[in-house]
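The lines below spell out each chain.
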Amino acid sequence: MGFDVSMVACCALPVLVSLLVVRFGYVMYCSGHPPLKLSASAARVRCLIVLGSGGHTAEMMNVVTTLQKDRFTPRYYVAALTDNMSLQKAHDYEQSLVWPEVDKEEAIENAQFVQIYRSREVGQSYITSIATTLLATSHAMWIIIRMRPQVIFCNGPGTCIPLCVSAFLLKVLGFGWSSIFYIESIARVKKLSLSGLLLYKLRIADQFFVQWPQLQKRYPRACYAGRLM
Amino acid sequence: MGDRERRMVFVTVGTTCFDALVKAVDSEQVKEALLQKGYTHLLIQMGRGTYVPSKFTENSTLQVDYFTFSPSIADYIREASLVISHAGSGSIFETLRLSKPLIVVVNEDLMDNHQSELAEELDERKHLFCARPQTLQETILAMDLTALQPYVPGDAKPIVTLINRYLGFPVD
């Protein structure tokens, strides 16, 4: 019996690994190409909007207020647990959209607000940050599984990385598909931020925007379409 | 004092600790330079810094006041004739949107000093003046406010259009 089990394992494991590798290659190939299934059927998409605090949030809210509300709905807002201002701003905006005659219940369904653990606080030691990174990543994975976003908007800083990586892993494993849009902060004129560089180099972002033409020249796969501020 | 027009300089460090800037504007040289340029009042938002500026000045013609935080600094910016700010993008764009002359002072003590990129780029485009704490006095004396170009705010529409196109939505 033991012989049989190990035989099965010996055969199954390489098959499983090669399947994953092929799937990984397929996902990499599809990244940056429009999802056909989505465009054929969907009239609306579930959105995950990552608010990065301070200036990042201000820039992201400029994108959110420009989105077509009926298409990009429902909207799930995520911000770091230590950031109290960002979700308040998003909440105020969503409230401003609600017309008095519209059912409040429906409005609440259209927007949700979630806080996420941060990988690392400023000044935290590297040893404890391994544990907090694991915690932040599993929390991010849980958020992606629960929300199943079809579109993710992010613009740094680090808070968006566990979310984007989780969404990418779920794509590889075949659980859902999300298009990731990253808009590098206007503060980055000459070089990408660490978050931006990771998502650009690993090709996790489907579309990558920068806000200065000289930055687009350095990173040719990025897209320049004006400034947000 | 009543016969002189009130011209206020508003200094803001945002939520940061930037004692080097507060110290610089509190120095006699910088105050002298501001007086020479015709400013009458100096209001400092000092954030989390520990350096407390002195309200007393030698010639006591420049009225100095300070506070730590305010939920909204827009009203102070609106009231100011000149804004001296840290290099955070929030304060920079808030000031530019209100079309106020702006000097951005880069904090050289920050580890990851990418903030100077934005200030230097906007300085090159003549939307503001970029300085360091030690060059603030020279910048004030040398600045020509008529050389400043108005800043045209950005627009998210082109980016949102590309996102719509990517997702296969009809672009309107």
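Values in this document were obtained by computation on a predicted structure and should not be read as measured data.

Draft legend 1. View of the overall build of chain A. When helices and strands are counted, chain A shows nine helices and seven strands. The proportion of buried residues among the 229 residues of chain A is 34%. Sequence separation of 24 or more characterises 70% of the internal contacts of chain A that already satisfy a separation of 6 or more.

Draft legend 2. Quick look at the overall build of chain B. Each helix and strand in chain B was counted, giving seven helices and six strands. Looking at chain B as a whole, 37% of its 172 residues qualify as buried. Within chain B, residue pairs in contact and separated by at least 24 positions form 63% of the contacts whose partners lie at least 6 positions apart.

Draft legend 3. Region of the structure containing helix α7 (residues 157–167) of chain B. Residues and elements named next belong to chain B. Along α7, the residues that are buried comprise Ile 159, Val 160, Ile 163, Tyr 166 and Leu 167. Each buried residue of α7 lies within a common arc of 120° when the element is viewed along its axis, so the set occupies one face. The positive-phi residue at the C-terminal boundary of α7 is Gly 168, with phi of around 85°.

Draft legend 4. Inspection of the interface of chain A and chain B at higher detail. Taken together, the 29 residues of chain A in the interface contact 23 residues of chain B. For the side of chain A that touches chain B, the elements supplying multiple residues, two or more each, are α2 (36–41), α3 (54–66), β5 (179–183) and β6 (207–210) of chain A. The leading source of residues in the side of chain A that touches chain B is α3(A), at six residues. In terms of residue class, the side of chain A that touches chain B is made up of 17 nonpolar, eight polar and four charged.

Draft legend 5. Summary view of helix α1 (residues 19–26) of chain B. Regarding α1(B), the residues found buried are Leu21(B), Val22(B), Ala24(B), Val25(B) and Asp26(B). Summarising the contacts, the buried residues of α1(B) are in contact with β1 (8–12), α2 (28–36), β2 (41–45), β4 (82–85), β5 (102–105) and α6 (136–142) of chain B.

Draft legend 6. Quick look at the packing of helix α6 (residues 126–147) of chain A against helix α7 (residues 160–172) of chain A. Residues and elements named next belong to chain A. The geometry of α6 relative to α7 is characterised by a closest axis approach of 8 Å and an angle of 55° between their N-to-C directions. Taken together, α6 and α7 sit at an angle that is classed as oblique. Crossing of α6 against α7: the hand is right-handed. Contacts from Ala 136, Thr 137, Ala 140, Met 141, Ile 143 and Ile 144 in α6 reach Pro 162, Leu 163, Ser 166, Ala 167 and Leu 170 in α7. Classifying every residue of the contact of α6 with α7 gives nine nonpolar, two polar and no charged.

Draft legend 7. Main features of the sheet that holds strand β2 (residues 72–80) of chain A. Residue and element names in this part refer to chain A. If you walk across this open sheet you meet the seven strands as β3-β2-β1-β4-β5-β6-β7, and the pairing is parallel. Only two strands of the sheet have a single neighbouring strand rather than two, namely β3 (111–116) and β7 (223–224). As paired strands, strand β1 (residues 45–51) and strand β4 (residues 151–154) are joined by three bridges and run parallel to one another. Within β4, the residue paired with Cys 47 across the bridge is Val 151.

Draft legend 8. Expanded view of the environment of Phe209(A). Within the element layout of this structure, Phe209(A) appears in strand β6. Classification of Phe209(A) as buried rests on a count of 24 C-beta atoms within 10 Å. Sequence separation between Phe209(A) and Ala79(A) is 130 residues, and the spatial gap between their C-alpha atoms is 21 Å. The residues contacting Phe209(A), other than those within four sequence positions of it, are Tyr182(A), Ile183(A), Glu184(A), Ala222(A), Cys223(A), Ala225(A) and Ile159(B).

Draft legend 9. Geometry of the sheet that holds strand β3 (residues 63–67) of chain B. All names here are of chain B. Strand order in this open sheet of six strands is β3-β2-β1-β4-β5-β6, and the pairing throughout is parallel. Since the sheet does not close on itself, it has two edges, and those belong to β3 and β6 (129–131), each with one partner. Between one strand and the next, the sheet's axes are offset by a mean angle of 15°, whatever the strand orientation. Sheet topology note: the β5/β6 ladder contains three bridges and is parallel. Opposite Val 104, over in β6, you have Cys 130 as the bridge partner. In this fold helix α4 (residues 89–97) packs onto β1, β4 and β5, with an angle of close to 170° to the strand it touches most, β4.

Draft legend 10. Structural view of the domain arrangement of chain A. All names here are of chain A. Each assigned domain of chain A is listed with its residue range as follows: domain 1 (1–30) and domain 2 (35–224). Domain 1 and domain 2 are separated by 32 Å when their C-alpha centres are compared. Listed per partner, the contact involves five residues of domain 1 and four residues of domain 2. Residue classes in the side of domain 1 that touches domain 2 are distributed as four nonpolar, no polar and one charged.

Draft legend 11. Here's a closer look at the UniProt feature "transmembrane region" (unreviewed entry) in chain A. Residues and elements named next belong to chain A. Taking the numbering used here, the UniProt-annotated feature "transmembrane region" (unreviewed entry) corresponds to residues 6–29, 126–145 and 165–183. Summarising residues 126–145: 100% helix, 0% strand, and an end-to-end C-alpha distance of 28 Å. Annotation note: span residues 165–183, helix share 42%, strand share 26%, distance between end C-alpha atoms 16 Å.

Draft legend 12. Quick look at the environment of Pro162(A). Residues and elements named next belong to chain A. Structurally, Pro 162 is set in helix α7. Through-space distance from the C-alpha of Pro 162 to that of Met 141 is 7.6 Å; in sequence the pair is 21 residues apart. Residue contacts for Pro 162: discarding those within four places in its chain leaves Ser 119, Ala 136, Thr 137 and Ala 140.

Draft legend 13. The arrangement of the pairing of β5(B) in detail. Residue and element names in this part refer to chain B. Neither face of β5 is left uncovered, since the one carrying Leu 102 and Val 104 and the one carrying Ile 103 and Val 105 both have all their residues buried. Here three bridges tie β4 to β5, and the two strands are oriented parallel to one another. From the neighbouring strand, Ser 85 faces β5, where its bridge partner is Val 104. The β-α-β motif built from β4, the intervening α4 and the parallel element β5 has right-handed crossover chirality.

Each value, and the rule that gives it
Residues numbered from 1 in each chain as written. Chains lettered and ligands numbered in written order. Predicted model: local features only at pLDDT ≥ 70, side-chain atom pairs only at ≥ 80, totals over all residues. Helix = DSSP H or I, 4+ residues; strand = E, 2+ residues; numbered from the N terminus. Buried ≥ 20, exposed ≤ 12 C-beta atoms within 10 Å, placed from the backbone. Contact = placed C-beta atoms within 7 Å. Arc of directions from axis to C-beta. Nonpolar A, V, L, I, M, F, W, Y, C, P; charged D, E, K, R; others polar. Axes fitted to C-alpha atoms, helices over the stretch in contact; angles between N-to-C directions. Parallel < 35°, antiparallel > 145°, perpendicular 65-115°, else oblique. Left-handed = near helix turned anticlockwise from the far one by under 90°. Pairing = 2+ DSSP bridges. Domains from an automatic or database assignment. UniProt positions renumbered as here; feature names shortened; annotations may be inferred. Right-handed = clockwise from strand over helix to strand, strands pointing away.

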